[in-house]
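Residue-level structure breakdown
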Amino acid sequence: MKSLIRLLLADVKHRPARTALTSLAVILSSCVVVWVVSGYDALMGQSIDENAAKALGRFDLVVAAGGGPPGQGIGRGANAAAKGAGGPAAKGERPDAPAGKAGGRPGGRGGPGGGPGGGPGGGVLPPPLIASLREDARVAEANVTSQSRVSVGVVDPDPERTLLRHDRPPVLGMPPLDPPLIGSDAHEAPYELEDGRWFDPALPADGAREGVLSAEYAKNLEAKVGADLEVNSEIGRFVVRLVGIVEQPGGGGRGGGSGQAGLFVPPALAEAINGYPTRAGRVNVVLKEGADVSAFVKELEERLKSRNSSATVTDLQALKEGMAQVLSQMGTSTLAYSATGVALLAALFIIFTTLSMGVSERGRELAVLRAVGLTRGQVAGMVFLEGLFLALLGWLGGLTAGWGLLRVVAAAKPDLFPQGAALGFWCVALTAVAAVGGALAASIQPAWRATRVAPLDAMGPTPVAPPSRWVVPAAAAGLALIAINPLIAFVLPMEATARAWAYAGLGCPAMAIGFLLLAPLVVQVVEKVAGPAVATLLGLQPRMLGSILSANLWRTLGATIALTIGLGLYISTQTWGYSMLAPFTPGDWAPDMLVGFEPSGLPDDQVPAVKAVPGVIPGRVLAMAVEQPQVVGKAAGTGGGAGGTIGKLDNVVVVGVDVDLAFGGDDPMIPLTYVHGDRDSALAKLKQGRGIIIPDHVLESSGLKLGDPLELVAPDGPPGATVSYPIVGAVSLPGWHWMTKMTGLRRRAVRTGALTFAPVADVRRDFHVDRTNFVWLDAQPGASADAIEKAMQAIAEAHGVAAFQAPGVGEVVSKRPYARLTATETVRTGIASRADAMIWGMSQIPLVTLLITSLAVVDAVASSVRSRRWELGVLRAVGATRWGLVRLILAESILIAVVVLALGFGFGVMAGWCGSGMSRYLSPFGGMNTPLVIPWARLWLGVGSALVLCLLAAIQPAVAAGRAEPLSLLKAGRAAA
Amino acid sequence: MTPGVGSAGGPVRVEGATKRFRQGTETVEALRDATVEFAPGAFTAVMGASGSGKSTLLHATAGLTRLDEGKVLVDGTDLSTLSDRALTIFRRRRIGLVFQAFNLIPSLTAEQNVTLPVVTDGRDESSVRDRVDRLFDRLGIAHRRGHRPDALSGGEQQRVAIARALVTDPAVVLADEPTGSLDSVTGQAICRLLKELCAETGRTVVVVTHEPAVAVWADRVVVLRDGRILTEFPTESFSDAHALAAHYQDVVAGPVAAGEAAS
């Protein structure tokens, strides 16, 4: 060991630049892990410790109503408050019904999905429970709240600006982008007041209309105390004076385990805005001094359980647990592990490159060592020791640099790290794994090669490596391995769980190894094909580049693979992201604009008025009847994808249309691409009687076939009455999810299993839709959506029905009917911008990895120059200019870049394609066919970066070689030989 | 014998050595049933034309390559019976090698290069401190012991290599064209050194060379042709390198000698 350490230290001293470059790369890799992991640690600590307390506010515990079964508890035309408590119940539903699929555990502790926010479907707390809480001697205060969905904006004095989003009630089915409306009978603010005051909860609706807004919402709306807020509900428009702003509790995630945030108003005002009596969905409880919170909670839970209640109880402990779970679900820990994995790979290949080059450069030295008596084991030990040394240097340096970075950022932005920046155990452990694990793995092959050096090689001139006969067989094996992943993702019949395991455990590793095996052939091909072109470009003799890469194949491979990791991951992220986006982006099937008339639609005789609106193509207006019935029978609950109820066929949105106008003729308004069945037979069946067209992936994932019926139950129909709609066609309907989400097509607010089409007469009759509630239209080129919406609004106001029946509530009077226009292009743009931001966020680590691993290219080019010093000296001696040498070295770097581009593109596209293909089985939306989308315009960043980095890597070695005197090159080269 | 510089060498015997190499589709016999004994304590030169098998004979004797047939006995040990690890350790301890290209480790100093076999053997350098000092003195490079190879002349590098070959007190020193990279004056100095060391220590020294000017320093010359031992002859009767060269030419150009016919 002593001799090996001596040899190592001597070599490090002899080649300090190589050690420095490699260590620097490992330091940077470790730094990435430190940053990501420490950020995760800070987030976890911060969110759980501080935000849990914030979420409860001044209360000790919260009792929240559970959810009812999906599809129920939702009023047509009334604000269904799908995510909040206190929405109207369906006819016949008991307010405190046992938990359905989407509700919390009966009498259970609150947590994600079952916490104070209430479950989907709008559960209600029974008055006796509320009364018992108020009467309990231990309770100091029981503050009852209700929650519903509205649109909120600051009142704009400009009368022309009437079509802003906040001027319309919220879209059913959309998550609350606006602050929810919270009716509260609390006498004090639930959270700390940041400005202004709390309101008097006893204020009547016809008195002063006052409200208090949560801080973040106030910031987003740019609303200050004293401003007038415009609140739009389904029934009308209300102006509320903002009298206070309260601290906004941190989000512990959607659906539960978080505090209440929104626009707080007195209960009477909430009722007036909603148009129906408010029902309590949540009670915030303050216990008297000295009361035992845990005992109270336990007793209450037992009481609720005994009554088979779906209500949940949440105290501080339950909130913390819920937040931890949600944060974990957010994937932040996954991000930390992913960063570690990428850093591990980067460190592995950087160290591999260095060690591999070392073995190649020191071939004669290794032979001499073997000749004078080092065993194979000792020679291998030398290599492992060097790898470990580089790793430890990089790890310790990375920890130091990472810690320093955290300190600097914590000092500059203390709110990011409120508990200070520190290196946690996991941080240190993960960086050790990345650095040391990578080093050990990277040392294996170079160590093996070193042991293959024969002592006899010391006796003669440096042997020339024979042509590698293994390259082609290795490439063939590589291609076979690469083919495994697409087979798993697209071809082989397999159960979803087994497929997921096969993909992760076999397909992905096989693909990675396959590209590794393919790499040598790619190097040789690039050398042969691109070499002459690059030579011509740089004014060099093509034969000078003939074996510039393959002369030291291992060196080239190490550098190119290191760089390919970053580029490949970047391209795969982009390809996967935009391929995944495709089925969610509304396709060409969707007409230009969708107009919803709420709350009660338009009479049929007003459809001509719609057609006459300037900008609308009169012959391209499709009057529709839309409802969201429940699915029952065999098909119910089928379909969907991984995880929970998303995508399950519990309900569908049925769009009733004139089938000839919609689907017939040479230029149908809704041109559908049939995947199962065909247009002619579907049309014929639709005209004969009930029939329904559904999305292709819904048919496939549910196991249904053409001709199978969908048994549907009208939301407002008699219980148990079903209508049967046989499936007449299954079509490609990309983007239907977002179309239903953003336009109000989800009449009952909850997620839906499919967007379907049926004849309008059947839909009207079967689901009691008396009027045209939606219109799809095509607009003239250049027509203004704002102008068309304004015209539609005038029609809605002139012909809307004021009073309507809201199930479970009774008659509700709407003060102002409205028309909401959604342009399909707006949906596409909205989705694209969100996707761009998300995909960019995911692409950052790969780009950072690319940057770090470019150091491997610097090392490789420098090593190449070192090993060719004699040759370069000869070239100078026979007349090559300095600039000629520089071009030669740049040419090598360019060829390395071409290899990286080829490998990175191949790996990236394949990985992204297979990943998006697996989404059919792993996505909660289930079965979506994801076409391969290569976002060429976005790949330029990674491709360009790789090219630039390779060129930059070559600059120093090239300049150094160009500046050297010919004699020094000859001498140095001869000494090395 | 100069104390501390070494002890008597062991016998080295090659019996029926045959070594074949593949060159493309053909098989070439570099050595054919060669049998030779290198007398203990003697300085022997192995000569032959390019491709005669002399280097292969040396490589086999050093354990750097395995014979296809026959055996090599060094100091009573049959090298063919040793595993790779055992052979390496044996070579480390009992065989000293001097290369044409010096083959010093560029990152180590002269002294570190010399003590490399000792340290590799797991022994402390202090155990050979005296021997190293004496070797440096004897070889006239004491003032260069702290320098790295790139700071040494060719002759100095070869002296360091000789010191390295002697530091473990080997049974035999094998030198492959030790003067091949040196000028004639330096080369002669190295040959004198090897001769003196052989005489002083009684060590077996075998030198492969194609130069009569080197061979004339040896006690005996073994001549190979086409992989076979052609003949052996003592050098004492030759007054200088020219005379030896003339005899060598006669031997190589002549009909099959009795020695070759016998083997």
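Regarding the side chain of S864 of chain A
All names here are of chain A. Mapped onto the elements, S864 comes out in helix 23 (residues 824–867). Judged by relative accessible area, which is 0%, S864 ranks as buried. S864 has contacts with R555 and E892, leaving out every residue within four places of it along the chain.

Some details on the sheet that holds strand 4 (residues 69–74) of chain B
Strands belonging to one sheet form pairs held by backbone hydrogen bonds; the direction of such a pair is parallel or antiparallel. All names here are of chain B. Pairing is antiparallel across the open sheet formed by four strands, whose spatial order is 2-1-4-5. Bordering the open sheet on either side are strand 2 (26–38) and strand 5 (77–78), each of which pairs with just one other strand. The strands touched by helix 1 (residues 54–62) within the sheet are strand 1 (12–23), strand 2 and strand 4, with strand 2 carrying the most contacts at an inclination of about 65°.

So, the packing of helix 3 (residues 127–135) of chain A against helix 6 (residues 293–306) of chain A
Residues and elements named next belong to chain A. Running from N to C, helix 3 and helix 6 point in directions that differ by 155°, and their axes come no closer than 13 Å. Comparing their axes, helix 6 and helix 3 come out roughly antiparallel. The handedness of the crossing between helix 3 and helix 6 is right-handed. On helix 6, the residues that touch L129, S132 and L133 of helix 3 are F296, L300, R303 and L304. Here the residues of the contact of helix 3 with helix 6 are counted per class, giving five nonpolar, one polar and one charged.

As for the packing of aromatic side chains
Residue and element names in this part refer to chain A. Scanning all chains against the criterion turns up nine aromatic pairs over all chains. Here the aromatic rings of F663 and F757 are separated by 5.6 Å at their centres, their planes lie at 80°, and the arrangement is edge-to-face. You can see F663 sitting in helix 17 (residues 659–663) and its partner F757 sitting in strand 20 (residues 755–759), a full 94 residues away along the chain. Take F663 and F757: they sit in the same class, and that class is buried. By the ring-pair criterion, three or more aromatic residues cluster together here, those being W198, F199 and F264. The ring of W738 is capped by K741, whose NZ or CZ atom sits 5.7 Å from the centre of that ring.

Here's the deal with the pairing of strand 2 of chain B
Residues and elements named next belong to chain B. Examined bridge by bridge, strand 1 and strand 2 share nine bridges and lie antiparallel to one another. By the bridge assignment, R22 is partnered in strand 2 with T27. Linkage of strand 1 to strand 2, two consecutive antiparallel strands, is achieved through a turn of two residues, within which G24 is found at a positive phi near 70°.

Structural notes on the pattern of salt bridges
Residues and elements named next belong to chain A. For the coordinates displayed, the defined rule picks out 43 salt bridges over all chains. Between D660 and K687 there is a salt bridge, with its nearest N and O atoms 2.7 Å apart. Of this pair, D660 sits in helix 17 while K687 is found in helix 18 (residues 679–688), placing the two residues 27 residues apart along the sequence. Owing to a relative accessible area of 40%, D660 belongs among the partly exposed residues under this scheme. Looking at K687, the relative accessible area reads 51%, which means it is exposed.

Here's the deal with a negative patch on the surface
Residues and elements named next belong to chain A. A surface patch of like charges, here negative, comprises E192, E194, D195 and E216. As for its position among the elements, E192 is in the loop between strand 4 (181–184) and strand 5 (193–196). Under the relative-accessibility criterion, E192 is labelled exposed at 57%.

Observations concerning helix 15 (residues 553–581) of chain A
In a regular helix each residue adds 1.5 Å, so 29 residues correspond to 42 Å; helix 15 of chain A covers 40 Å between its end C-alpha atoms and thus fits that length. Burial of helix 15 of chain A is extensive: 26 of the 29 residues sit out of reach of the surface.

Regarding the interface of chain A and chain B
Each partner contributes to the interface: chain A provides 23 residues, whereas chain B provides 29 residues. In total, chain A and chain B occlude about 2,400 Å² of area from one another, counting both sides; carbon and sulfur atoms represent 60% of this. Here chain A and chain B share four salt bridges between them. Salt-bridge contacts for R370 of chain A lead to D84 of chain B; the nearest nitrogen and oxygen are separated by 3.4 Å. In this assembly, chain A and chain B are joined by eleven residue pairs in polar contact (both at pLDDT 80 or more). Among the elements of the structure, helix 1 (2–14), helix 9 (363–372) and helix 10 (376–412) of chain A are those that each provide at least two residues to the side of chain A that touches chain B.

Section: the confidence of the model for chain B
Residues and elements named next belong to chain B. Across chain B, the average pLDDT comes to 86, with 93% of residues at 70 or higher. Predicted confidence for residues 258–263 stays below pLDDT 50, and this span has ten contacts to residues more than four positions away or in other chains. Reported for the predicted complex are a pTM of 0.72 and an ipTM of 0.74.

A closer look at a nonpolar patch on the surface
All names here are of chain A. On the surface, a cluster of nonpolar side chains totalling about 340 Å² of accessible area is made up of V948, L952, I955 and V959. With respect to the element layout, V948 can be found in helix 26 (residues 936–963). Owing to a relative accessible area of 46%, V948 belongs among the partly exposed residues under this scheme.

Here we look at unusual backbone geometry
A positive phi angle, near 55°, is found at E222 of chain A, a position not held by glycine. Relative to the helices and strands, E222 of chain A is located in the loop between helix 4 (215–221) and strand 7 (228–232). In this structure, F102 of chain B takes a positive phi of about 65° despite not being glycine. By secondary structure assignment, the location of F102 of chain B is in the loop between strand 6 (95–98) and helix 3 (110–120).

Regarding the sheet that holds strand 6 of chain B
Residue and element names in this part refer to chain B. Spatial strand order, 6-7-8-3-9-10: six strands in an open sheet with mixed pairing. Every other strand in the sheet has two partners, leaving strand 6 and strand 10 (228–234) as the edge strands with one partner each. Strand-to-strand twist across the sheet, computed as the mean angle between neighbouring axes with direction ignored, equals 20°. Here strand 3 (residues 43–48) pairs with strand 8 (residues 204–208) via four bridges, running parallel. Residue pairing in the sheet places F43 in a bridge with V205 of strand 8. Packing of helix 5 (residues 154–166) onto the sheet brings it into contact with strand 6 and strand 7 (172–176), and relative to strand 6 it is tilted by some 170°. Contacting strand 3, strand 9 (220–225) and strand 10, helix 8 (residues 241–253) runs over the sheet at an angle of about 35° to strand 9.

Regarding the environment of A897 of chain A
All names here are of chain A. In this fold, A897 is placed in helix 25 (residues 882–922). With 54 residues separating them along the chain, A897 and L951 place their C-alpha atoms 8.2 Å apart. Apart from the residues within four sequence positions on either side, A897 is in contact with L947 and C950.

Quick notes on the confidence of the model for chain A
Where the model shows low pLDDT, its predicted coordinates should not be examined in detail. Residue and element names in this part refer to chain A. On average, residues of chain A score 81 in pLDDT, and 83% of them reach the 70 mark or higher. Low pLDDT (under 50) marks residues 68–121, which in the prediction has 188 contacts with non-local residues, meaning those over four places away or in another chain. Contacts from residues 159–164, a stretch scored under 50 in pLDDT, to residues over four places away or in other chains number nine contacts.

Looking at the packing of helix 1 of chain A against helix 3 of chain B
Interaxial distance between helix 1 of chain A and helix 3 of chain B falls to 9 Å at its minimum, and their mutual angle equals 145°. Of the residues in helix 3 of chain B, those touching helix 1 of chain A at K2, S3, R6 and L7 of chain A are Q112, T115, L116, V119 and T120 of chain B. Of the residues assigned to the contact of helix 1 of chain A with helix 3 of chain B, the class counts are three nonpolar, four polar and two charged.

Some details on the side chain of T575 of chain A
Residue and element names in this part refer to chain A. In this fold, T575 is placed in helix 15. In terms of polar contacts, T575 uses its side chain to reach the backbone carbonyl oxygen of I571, at 2.8 Å. Other than its neighbours up to four places away in sequence, T575 contacts G908, V909, G912, W913, L932, V933 and P935.

Regarding helix 4 (residues 129–139) of chain B
Residue and element names in this part refer to chain B. Residues V132, L135, F136 and L139 constitute the buried set of helix 4. Burial along helix 4 is one-sided: seen end-on, the buried residues are contained in an arc of 95°. Looking at the buried side of helix 4, the elements it contacts are helix 3, helix 5 and helix 6 (184–201). Looking one or two places after helix 4, you find G140, whose phi comes out positive at around 75°.

Let's talk about the pairing of strand 4 of chain A
All names here are of chain A. With burial as the criterion, each face of strand 4 is covered, one bearing L181 and G183 and the other bearing I182 and S184. The sheet contact formed by strand 2 (residues 139–148) and strand 4 spans four bridges and is antiparallel. Looking at strand 4, one finds that Q147 is bridged to I182. Here strand 4 runs beside strand 9 (residues 263–265); their pairing, made up of three bridges, is parallel. Residue pairing for strand 9: I182 is matched across the bridge by F264.

The rules behind each value
- The numbering scheme is per chain: residues are counted from 1 as the chain's sequence reads.
- For this description, chains carry letters from A and ligands carry numbers from 1, given in the order in which they are written.
- Selection of residues for local features in this predicted model requires a pLDDT of at least 70, selection of side-chain atom pairs for listing and counting requires 80 or more, and totals for whole chains, interfaces and linings are taken over all residues.
- Computation of side-chain values: all heavy atoms of the structure, hydrogens and water removed.
- Numbering of helices and strands runs from the N terminus; a helix is a DSSP stretch of H or I covering at least four residues, while a strand is a stretch of E covering at least two.
- Residue burial is assigned from relative accessible area. The probe radius is 1.4 Å, only protein chains are included, and a residue is buried under 20% of its type maximum, exposed over 50%, and partly exposed in between.
- Should any heavy atoms of two residues lie within 4.5 Å, those residues are considered in contact.
- At least two DSSP bridges between two strands are required for those strands to pair.
- Axis geometry follows a simple rule: fit a line to the C-alpha atoms, using only the stretch in contact for helices, then measure angles between N-to-C directions, giving values from 0 to 180 degrees.
- Comment on the angle field: the value is read as roughly parallel under 35 degrees, roughly antiparallel over 145, roughly perpendicular from 65 to 115, and oblique elsewhere.
- If you view the pair so one helix is near and one far, a crossing is left-handed when the near helix is turned anticlockwise from the far one by less than a right angle, and right-handed when it is turned clockwise.
- Asp, Glu, Lys and Arg are counted as charged, while Ala, Val, Leu, Ile, Met, Phe, Trp, Tyr, Cys and Pro are counted as nonpolar; the rest, among them Gly, fall into the polar class.
- Each Phe, Tyr or Trp ring, with Trp reduced to its six-membered ring, pairs with another whose centre is within 6.5 Å; inter-plane angles below 30 degrees give stacked pairs, above 60 give edge-to-face pairs, and intermediate values give tilted ones.
- Here, over-ring charges are defined by two tests on the NZ atom of lysine or the CZ atom of arginine: distance to the ring centre within 6 Å, and angle to the ring normal within 35 degrees.
- Each salt bridge in this description consists of a side-chain nitrogen of Lys or Arg and a carboxyl oxygen of Asp or Glu lying within 4 Å of one another.
- Nonpolar side chains (Val, Leu, Ile, Met, Phe, Trp, Tyr) within 5 Å and like charges within 9 Å form the patches, drawn only from residues with over 30% relative accessible area and no salt bridge.
- Accessible surface area values rest on a Shrake-Rupley calculation with a 1.4 Å probe, where residue burial reflects the displayed protein chains alone.
- For the purpose of charge, His is not counted, nor are the chain termini; Lys and Arg are scored as positive and Asp and Glu as negative.
- Just so you know, the charge point we use is NZ for Lys, CZ for Arg, CG for Asp and CD for Glu.
- Each residue after the first adds 1.5 Å to the expected span of a helix.
- The term buried area means the drop in 1.4 Å probe accessible area that two parts suffer when joined, counted for both and summed.
- Polar contact criterion, stated in full: a pair of N or O atoms within 3.5 Å, where within protein one must be able to donate a hydrogen and the other to accept it, and residues adjacent in sequence count only if both atoms are side-chain atoms.
- Think of pLDDT as the predictor's per-residue confidence, scored from 0 to 100.
- Summarising the geometry, the arc corresponds to the directions from the helix axis toward the C-beta atoms.

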